[in-house]
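Commentary on secondary and tertiary structure
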Amino acid sequence: MTTVPAPPSQEKTPNRLQGFFGSRPVVKLRRNKLAVVGLIMTAIFLLVALFAPFIAAPSEAAGRNCLRDLGISQTRQIYNPAGGAFWQVLFAAPPSCYRTERESFSPIPTPPSGTAYFGTSQGYDIFYGMIWGTRVMMKMGLVIVAITLITGIIVGAISGYYGGWIDNIVQRFIDVMLSLPPLVLTIVLLTVLGASISTIILAFCLTGWTQYARIVRGDILRTRGLEFVDAARSLGARDFRLIFKHVLPNSLASVLTIAILDLGTIPLSIAALSFLGIGLPIGYTDWGQFMSFARSWTDNQYWYVTVLPAAFIILFSLGWNLFGDAVRDAFDPRTR
């Protein structure tokens, strides 16, 4: 008697992408309406940052330096994908394009018009400053968080996994760094080295990695003693493989949620420095500068010089915080 083999199953094995979107944390995020709202808000700001040169294109009257550095003479040439200016301004805009267009030198604000959609403050075009400022804040926030996150993960992983005298040295150094107030250290660096994008990034990176290192160290101390790590070690896995394949991937949930929240708070800190007059140079597309310009014009007649820049700052921070809080709750095993 012969047996007929059963036909192969027609069901496809779910790939990693399907497994990710079907996981419990992602399902919880999709069901959280505030998380969806925050994700949409952050996505809008990301799109504004990416396409800032086309939303607020440099004008032929006030943006001649930007057009000159792009090798063109007319604004409409920016919108031509066949030209080199289109791709240059999209991915590597010259520094002159980040200078806020100045419509006049009058200190008195002018209301929104066809040439300045959000009006002017100290003669600077608020619309141009807000749109290009979104790109500046998003870029600086991503760079600072990426550098501090990677540094904190590496230092925290080494400290937590090896322990002993290595852990003591690293933790004492972190204690010294935490004893220095971040704002004071930032002000000192900006005063000594001069205000610039690179200086601000350096100042935030010098102090920002310590919180990530502390969090990663604590999670690794908990993870390194679990059974699956002992099993991998008994099979001959080396320290590098144990750390980066077994221990570290199971210790990043907390630090990643903190990083998402920092993407919304670091740009606020940068704007605060400019508001205090120690941030980016005057005329650079920076949200904090426009809030500083508005201090002398609190009359309801000039509402646009305060409300519009404040709206960008509040909505930007709100979007990242809504999404970050939802991610933290979704990946917290204590929540159901």
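Coordinates for the structure precede this section.
Residues numbered from 1 in each chain as written. Predicted model: local features only at pLDDT ≥ 70, side-chain atom pairs only at ≥ 80, totals over all residues. Heavy atoms only, no water.

A short note on helix α9 (residues 182-193)
Inclusion rule: Under the scheme used here, helices are H or I runs from DSSP no shorter than 4 residues and strands are E runs no shorter than 2 residues, and both carry numbers assigned from the N terminus. For a helix, the expected span equals 1.5 Å multiplied by the residue count minus one. The buried label applies to any residue whose accessible area, calculated with a 1.4 Å probe on protein chains only, is under 20% of its type's maximum; exposed applies above 50%, and partly exposed to all values in between. In this context, the arc is that of the directions from the helix axis out to the C-beta atoms. Only heavy atoms matter for contacts: two residues are in contact if any of them lie within 4.5 Å across the pair.
Over its 12 residues, α9 extends 16 Å from the first C-alpha to the last, a length consistent with the 16 Å expected when each residue adds 1.5 Å. Every buried residue of α9 is listed here: Leu-185, Thr-186, Leu-189 and Leu-190. Each buried residue of α9 lies within a common arc of 130° when the element is viewed along its axis, so the set occupies one face. Summarising the geometry of α9, the exposed residues directed more than 90 degrees from the buried face are Thr-191 and Val-192. Along its buried surface, α9 packs onto α10 (197-223) and α13 (253-275). Taken from the residues just after α9, Gly-194 is the one with a positive phi, measuring 95°.

Here we look at a nonpolar patch on the surface
Counted only if it meets this: Think of a patch as exposed residues, more than 30% relative accessible area, with no salt bridge, where like charges cluster within 9 Å and nonpolar side chains (Val, Leu, Ile, Met, Phe, Trp, Tyr) cluster within 5 Å. All accessible areas in this document rest on Shrake-Rupley with a 1.4 Å probe, and a residue is counted as covered only by the protein chains that are shown. By convention in these notes, a salt bridge is any Lys or Arg side-chain nitrogen within 4 Å of a carboxyl oxygen on Asp or Glu.
On the surface, a nonpolar cluster with roughly 610 Å² of combined accessible area is contributed by Leu-47, Leu-50, Phe-51, Ile-55, Trp-87 and Phe-91. Among the elements of the structure, α3 (33-50) and α6 (84-91) are those that each provide at least two residues to the nonpolar patch. Inspection of the secondary structure puts Trp-87 in helix α6.

Some thoughts on the nonpolar core
When a protein is soluble and globular, its nonpolar side chains tend to lie buried together. For the record, the criterion: Put simply, buried Ala, Val, Leu, Ile, Met, Phe, Trp, Tyr and Cys residues joined by side-chain atoms within 4.5 Å make one nonpolar core.
One finds Leu-70, Trp-132, Ile-270 and Trp-287 to be the most contacted residues of the largest nonpolar core, which totals 81 residues. No other element matches the 16 residues that helix α7 (residues 126-162) contributes to this core.

Here's the deal with the pattern of salt bridges
It is possible for side chains of opposite charge to pair when their charged atoms get near one another. In this structure the tally under the stated criterion is 5 salt bridges. With a shortest N-O distance of 2.7 Å, Asp-167 and Arg-217 are connected by a salt bridge. With Asp-167 in helix α8 (residues 164-179) and Arg-217 in helix α10, the pair connects residues that are 50 residues apart, well separated along the chain. Relative accessible area serves as the criterion here: at 9%, Asp-167 is assigned to the buried category. Residue Asp-175 is joined to Arg-214 by a salt bridge in which the shortest nitrogen-to-oxygen separation is 2.2 Å. Highlighted residues: Asp-175 in helix α8 and Arg-214 in helix α10, separated in sequence by 39 residues. The class of Arg-214 is partly exposed, set by a relative accessible area of 31%. Residues participating in the shared-partner salt-bridge network are Arg-172, Asp-175 and Arg-214.

Some points on the state of the cysteines
Test applied: The term disulfide is used for any two cysteine sulfur atoms that are within 2.5 Å.
Applying the stated criterion to the full structure yields 1 disulfide. Across the disulfide from Cys-66 sits Cys-97; the S-S distance is 1.8 Å. As the torsion about the S-S bond is roughly 80°, the Cys-66-Cys-97 disulfide counts as right-handed. Here Cys-97 lies in the loop between α6 and β1 (120-121) and Cys-66 lies in helix α5 (residues 64-69), a separation of 31 residues in the sequence.

Regarding the packing of aromatic side chains
Stated formally: Here a pair means two rings of Phe, Tyr or Trp (six-membered ring of Trp) with centres within 6.5 Å. Their orientation is stacked below 30 degrees between planes, edge-to-face above 60, and tilted elsewhere. As a reminder, the over-ring test applies to NZ of lysine and CZ of arginine, requiring each to be within 6 Å of the ring centre and within 35 degrees of the ring normal.
Following the criterion strictly, the structure yields 22 aromatic pairs and no others. Ring geometry for Phe-54 and Tyr-79: centres 5.9 Å apart, planes at 45°, overall tilted. Of this pair, Phe-54 sits in helix α4 (residues 52-55) while Tyr-79 is found in the loop between α5 and α6, placing the two residues 25 residues apart along the sequence. Taking the centre distance of 5.2 Å and the plane angle of 90° together, the rings of Tyr-161 and Tyr-162 count as edge-to-face. Through a chain of ring-to-ring contacts, three or more aromatic side chains come together here, namely Phe-45, Tyr-117, Phe-118, Phe-127, Trp-287, Phe-312 and Phe-316. Above the plane of the ring of Phe-275 lies Arg-295, whose end atom (NZ or CZ) is 4.8 Å from the centre.

A few points about the packing of α13 against helix α15 (residues 304-330)
Selection rule: Between the N-to-C directions of two axes lies an angle of 0 to 180 degrees, each axis being a line fitted to C-alpha atoms and, for a helix, fitted only over the stretch in contact. Note that the term roughly parallel is reserved for angles under 35 degrees, roughly antiparallel for angles over 145, roughly perpendicular for angles of 65 to 115, and oblique for everything else. Basically, the charged four are Asp, Glu, Lys and Arg, the nonpolar ten are Ala, Val, Leu, Ile, Met, Phe, Trp, Tyr, Cys and Pro, and anything else, Gly included, counts as polar.
Taken N-terminus to C-terminus, the directions of α13 and α15 make an angle of 170°; their axes are 8 Å apart at the nearest point. Viewed along their axes, α13 and α15 adopt a mutual orientation that is roughly antiparallel. Between α13 and α15, the residues in contact are Thr-257, Ile-260, Leu-261, Leu-263, Gly-264, Pro-267 and Leu-268 and Ile-313, Phe-316, Ser-317, Trp-320, Asn-321, Phe-323, Gly-324, Asp-325, Val-327 and Arg-328, respectively. Across the contact of α13 with α15, the residue classes break down as 10 nonpolar, 5 polar and 2 charged.

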